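Fold and contact review
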Amino acid sequence: DNYNLSLHLFKKSAFVQHAQGETELMMARINEVLNNARNFNDKLDSLNVLIQSLSLDANSVSSAFNQSLMVLEQLGESFPSTAENEFIGRELIDVKNRLEKYVPSSISKIPPMKNENKIKAIVSYLFN
């Protein structure tokens, strides 16, 4: 089965084309991955390249934002299309309540995230 090799080559090719500013070639590689991926995890790297590329174009920033929201929704995290003060306030209070049981010295006791897709997405978005 050449699936893994092909997936790897197309993802790396999309990244290289993005780095070289070859948007059309990058999109062709990304579309191949998105159209042929067996699961969402196989799409994450290519979606990350797509979002990075879209975010560099002032005319496509909203598309980058929408793609990011789609990825997060696929990972089980949903966000409203518009953030209202009431929603933001509720979310901040919820996070505060969750973190109140931890003092700075016990932060390391927070249970680790187990969802591999979420971990990959976080690492991908934070370090790319």
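Each remark here, short or long, concerns the structure printed above.
Because the structure is a prediction, the values reported are computed rather than measured. (Residues numbered from 1 in each chain as written. Predicted model: local features only at pLDDT ≥ 70, side-chain atom pairs only at ≥ 80, totals over all residues. Heavy atoms only, no water.)

So, about the overall build of the protein. Secondary structure assignment for the protein yields six helices and zero strands. Starting at the N terminus and ending at the C terminus, the protein contains elements arranged as α-α-α-α-α-α. Relative to the 2.2 N^0.38 estimate, which gives 14 Å for 128 residues, the radius of gyration of the protein is 18 Å and therefore markedly larger than a compact globule would have. Taking the principal axes of its C-alpha atoms as reference, the protein extends roughly 50 × 35 × 25 Å. Here the protein holds 128 residues, and the buried ones make up 24% of them. Residue pairs in contact within the protein that sit at least 24 positions apart in sequence constitute 46% of those at least 6 positions apart. Here the protein displays about 9,200 Å² of accessible surface, and carbon together with sulfur accounts for 54% of that area. Side-chain charges in the protein split into 13 positive and 15 negative, and the spacing between the mean points of these groups amounts to 9 Å. (Helix = DSSP H or I, 4+ residues; strand = E, 2+ residues; numbered from the N terminus. Rg over C-alpha atoms; globule rule 2.2 N^0.38 Å. Buried < 20%, exposed > 50% of the residue type's maximum accessible area, 1.4 Å probe, protein only. Contact = heavy atoms within 4.5 Å. Areas by Shrake-Rupley, 256 points an atom, 1.4 Å probe, with all protein chains shown as cover. Lys, Arg positive; Asp, Glu negative; His and termini not counted. Charge placed at Lys NZ, Arg CZ, Asp CG, Glu CD.)

How two helices sit against one another is set out by the angle between their axes and by the gap between those axes. For the pair helix α1 (residues 3–19) and helix α3 (residues 40–56), interaxial distance at closest approach is 10 Å and the crossing angle is 10°. Put simply, α1 runs roughly parallel to α3. Between α1 and α3, the residues in contact are Tyr-3, Leu-7, Lys-11, Ala-14, Phe-15 and His-18 and Asp-42, Asp-45, Ser-46, Val-49, Gln-52, Ser-53 and Leu-56, respectively. When its residues are assigned to classes, the contact of α1 with α3 shows six nonpolar, four polar and three charged. (Axes fitted to C-alpha atoms, helices over the stretch in contact; angles between N-to-C directions. Parallel < 35°, antiparallel > 145°, perpendicular 65-115°, else oblique. Nonpolar A, V, L, I, M, F, W, Y, C, P; charged D, E, K, R; others polar.)

Our focus in this paragraph is a nonpolar patch on the surface. Among the surface-exposed residues, Val-95, Leu-99, Ile-107 and Ile-110 lie close enough to one another that they form a single nonpolar patch of about 310 Å² accessible area. Topologically, Leu-99 is positioned in helix α5 (residues 85–99). On the basis of relative accessible area, Leu-99 is assigned to the partly exposed category, the value being 44%. (Patch = residues over 30% accessible without salt bridge, like charges linked within 9 Å, V, L, I, M, F, W, Y side chains within 5 Å. Salt bridge = Lys/Arg side-chain N within 4 Å of Asp/Glu carboxyl O.)

Here we take up the layout of surface pockets. Each pocket or cavity is described by its volume, and for the largest pocket that value is around 240 Å³. Along the walls of the largest pocket sit Leu-72, Glu-77, Ser-78, Phe-79, Phe-87, Ile-88, Glu-91, Leu-92 and Val-95, which together make up its complete lining. For the lining of the largest pocket, the element with the most residues is α5, which contributes five residues. Along the lines of polarity and charge, the residues of the lining of the largest pocket split into six nonpolar, one polar and two charged. (1 Å grid on protein atoms, 1.4 Å probe; cavity = no way out; pocket = protein on both sides within 12 Å on 5 of 7 lines; lining within 4 Å. Points joined across faces, edges and corners; volume = space filled by probe spheres on them.)

Here the focus is the nonpolar core. Counting residues in each nonpolar core, the largest one holds 14 residues, and the members touching the most others are Ile-30, Phe-40, Leu-44, Val-71 and Leu-75. Elements supplying a minimum of two residues to this core: α2 (23–36), α3 and α4 (61–74). The leading source of residues in this core is α3, at seven residues. (Core = buried A, V, L, I, M, F, W, Y, C linked by side-chain atoms within 4.5 Å.)

Let us look at the side chain of Asp-42. Mapped onto the secondary structure, Asp-42 falls in helix α3. Buried charge without a partner: Asp-42 forms no salt bridge, and the closest opposite charge is Lys-11, 5.7 Å away. Ignoring sequence-local partners within four residues, the contact set of Asp-42 consists of Tyr-3, Leu-7, Lys-11, Val-33 and Ala-37.

What follows is about α3. Spanning 17 residues, α3 covers 24 Å between terminal C-alpha atoms, matching the ideal 24 Å at 1.5 Å per step. Listed as buried for α3 are Phe-40, Asp-42, Leu-44, Ser-46, Leu-47, Asn-48, Val-49, Leu-50, Ile-51, Ser-53 and Leu-54. Where α3 starts, the residue carrying a side-chain oxygen 3.1 Å from the main-chain nitrogen of Asn-41 turns out to be Asn-39. (Expected span 1.5 Å × (residues − 1). Polar contact = N/O pair within 3.5 Å; in protein donor to acceptor, adjacent residues only side chain to side chain.)

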